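# Results of the structural survey
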Amino acid sequence: MKAFNVGLIGMGTVGAGVARILLEKKSPLLEKLDCVPVLKGIADSNPEVKSKLNLPSEILFTTDGQQLLNNPDIQVIVELIGGVHPAKEIITAALEKGKDVVTANKMLLALHGSELFRKARQHGKSISFEASVGGGIPIIAALRDGFIANRIESICGIVNGTTNYILTKMTKEQVTYSDALAEAQKLGYAEKDPTMDVEGIDSSHKLAILARIGFGTDFDYARIYHEGIRSVDLSDIWYAHELGYTLKLLAIAKKDNDTIELRVHPALLPHDHPLSSVQGVFNAICITGSAVGEAMLYGKGAGQMPTASAVVADLVDVALGRAGITFSAMKTFSRGSERFAIADVLQFKTCYYLRFSVVDKPGVLAKISGILGKYEISIASVIQHKAKENGNVPLVMMTHRAEEGNLQKALAEIQQLDTIKDDTKFLRVEEE
Ligand code: HSE
């Protein structure tokens, strides 16, 4: 049995899960492989972590990551600190010292992935990052290897469990956003400061990684449009439901000729769309490829052991030499070329859900539909409820596919009508 020595930096929840798998006496790795990753050392800035771990004496514990980086016996560094600094410096140092790297750090890869990949190639080493997207779901391997024969046409997924939990709770139990968030925080799904999740930033980091691999292209992370779920109103979930749609926070990368739309936002999906049935903290990603057609991967997108499962899969890839071969052979990791233009938000093309708050009198609908028609926006269905909100009635419309720039112009003009009260709410709809 050959051993491949691992140094683990950052001993939080996922790190403890990785250690648990690597230290298991009857590990499935030992049953399946002739060459296994072996935990050699752990670094964490908090010295109290050691007492909680109950580590075998042969495993080095240090509060100084440099000790692992400088240890010639360690062949691969697992970075599980998260954030940009000092994770970036640690990964850079590991590569410069001739070590392969495994990381779950989606923010770092979204923001500085190309630079780090170049560094890895310069030193003939690899960076593996299966755990950065979708927790235990092997989505990176699927996109990179399993779907290699395909031109990827679209990637559309629920890649954030916290927001999916909140939206599921709002939909099923008809509780407000604030109450659903408070429950998610109580259960430990949402952080005390939930900004990264609820503003769609975490999803956009993951989308950056998926889109770069799927489309074999590079782009500036800032080009990803993102919008979160803070302003999702319970009434829109009800009206959408009545019209046959479920509201989800989606991460979408879609190719249209030489342009790619990269967007994260709340969106309506038909009830029978496979992503509509993804509940609670689960994640799922739909891929459309030129040969495979449609495929969906589903599973736990976060949590200690699912994420540790992905980290250990990467460690095995490194130990078997597969990570190095993949890294040196795939153009995705070397060229960083921008092969496609990134669509501006005004170029997005979707169907829309619109909710106007109007005075209930003759001619209002005709005026609104007239302005929408002027901007080439065709109405697919309309519902009006009797329920009055401050003396006004909600008028809900679904449109056919239209360019967002046209919708913005139409809504600005409609807002000037004296029969329109309050701001108009709009949500994008994914029909395909
Ligand atoms: N905060 C993320 C989520 C998990 O809620 O899905 C880590 O990527």
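Rules used throughout
- Residues numbered from 1 in each chain as written.
- Predicted model: local features only at pLDDT ≥ 70, side-chain atom pairs only at ≥ 80, totals over all residues.
- Heavy atoms only, no water.
- Near = heavy atom within 4 Å.
- Polar contact = N/O pair within 3.5 Å; in protein donor to acceptor, adjacent residues only side chain to side chain.
- Areas by Shrake-Rupley, 256 points an atom, 1.4 Å probe, with all protein chains shown as cover.
- UniProt positions renumbered as here; feature names shortened; annotations may be inferred.
- Helix = DSSP H or I, 4+ residues; strand = E, 2+ residues; numbered from the N terminus.
- Contact = heavy atoms within 4.5 Å.
- Buried < 20%, exposed > 50% of the residue type's maximum accessible area, 1.4 Å probe, protein only.
- Salt bridge = Lys/Arg side-chain N within 4 Å of Asp/Glu carboxyl O.
- Axes fitted to C-alpha atoms, helices over the stretch in contact; angles between N-to-C directions.
- Parallel < 35°, antiparallel > 145°, perpendicular 65-115°, else oblique.
- Left-handed = near helix turned anticlockwise from the far one by under 90°.
- Nonpolar A, V, L, I, M, F, W, Y, C, P; charged D, E, K, R; others polar.
- Core = buried A, V, L, I, M, F, W, Y, C linked by side-chain atoms within 4.5 Å.
- Arc of directions from axis to C-beta.

## Thoughts on the site of the ligand
With respect to spatial proximity, the complete set of residues near the ligand consists of K106, N160, G161, T162, D197, D202, K206 and A302. Separating an oxygen atom of the ligand from a side-chain N or O atom of T162 is a distance of 2.5 Å. Within the side chain of D197, an N or O atom sits 3.0 Å from a nitrogen atom of the ligand. Coverage of the ligand by the protein chains reaches 79% of its 260 Å² of free accessible surface.

## A word on the UniProt feature "binding site: NADP(+)" (unreviewed entry) in the protein
UniProt feature "binding site: NADP(+)" (unreviewed entry): in the numbering of this structure it lies at I9, G10, M11, G12, T13, V14, G15 and A16. By secondary structure assignment, the location of V14 is in helix α1 (residues 13-23). Leaving out residues up to four positions away in the same chain, V14 has contacts with L80, T307, A308 and V311. Structurally, G15 is set in helix α1. For G15, a relative accessible area of 1% translates into the label buried.

## Topic: the pattern of salt bridges
Across all of its chains, the model carries 22 salt bridges by this definition. One salt bridge in this structure joins R212 and D218, with 3.1 Å as the shortest N-O distance. Judged by its relative accessible area of 11%, R212 is buried. R322 serves as the salt-bridge partner of D317, at 2.7 Å between the closest nitrogen and oxygen. Looking at D317, the relative accessible area reads 13%, which means it is buried. Residue classification places R322 among the partly exposed residues on the basis of a relative accessible area of 44%. The network of salt bridges with common partners includes R144, D145, D317 and R322.

## Some words on the side chain of D317
Among the secondary structure elements, D317 is positioned in helix α13 (residues 304-320). Not counting residues up to four positions away in its chain, the partners in contact with D317 are R144, R322 and A323.

## A closer look at the packing of helix α5 (residues 87-96) against helix α6 (residues 106-122)
In contact at an axis separation of 11 Å, α5 and α6 are set at 15° when each is read in the N-to-C sense. Accordingly, the angle class assigned to the pair α5 and α6 is roughly parallel. The handedness of the crossing between α5 and α6 is right-handed. The residues of α6 that touch α5, namely those facing A87, K88, I91, T92, L95 and E96, are L108, H112, E115, L116, K119 and A120. The residue inventory of the contact of α5 with α6, partitioned by class, reads six nonpolar, two polar and four charged.

## Observations concerning the environment of Y225
Within the element layout of this structure, Y225 appears in strand β8 (residues 225-226). A relative accessible area of 23% places Y225 in the partly exposed class. Between the C-alpha atoms of Y225 and R263, which are 38 residues apart in sequence, the distance is 4.6 Å. Beyond its immediate stretch of four places on either side in the chain, Y225 contacts L262, R263, V264, H265, V345, F348 and R428. Within the local environment of Y225, its side chain forms a polar contact with the side chain of E227, the two groups lying 2.3 Å apart.

## Quick notes on the nonpolar core
Counting 81 residues, the largest nonpolar core has I127 and I166 as its most contacted members. With eight residues, the single largest contributor to this core is helix α11 (residues 201-215). Those residues within four positions of I127 in sequence are excluded, and the remaining contacts are I91, L95, V101, T103, L116, F117, A120 and F327. In this structure, C35, I59, A131 and L315 belong to the second largest nonpolar core, which totals 33 residues.

## Examining helix α9 (residues 177-186)
Along α9, the residues that are buried comprise Y177, A180, L181 and A184. Down the axis, α9 shows its buried residues gathered within 100° of arc, on one side only. In the core, the buried residues of α9 are packed alongside α8 (161-173) and α10 (195-198). Downstream of α9 by one or two residues, G188 has phi in the positive range, about 80°.

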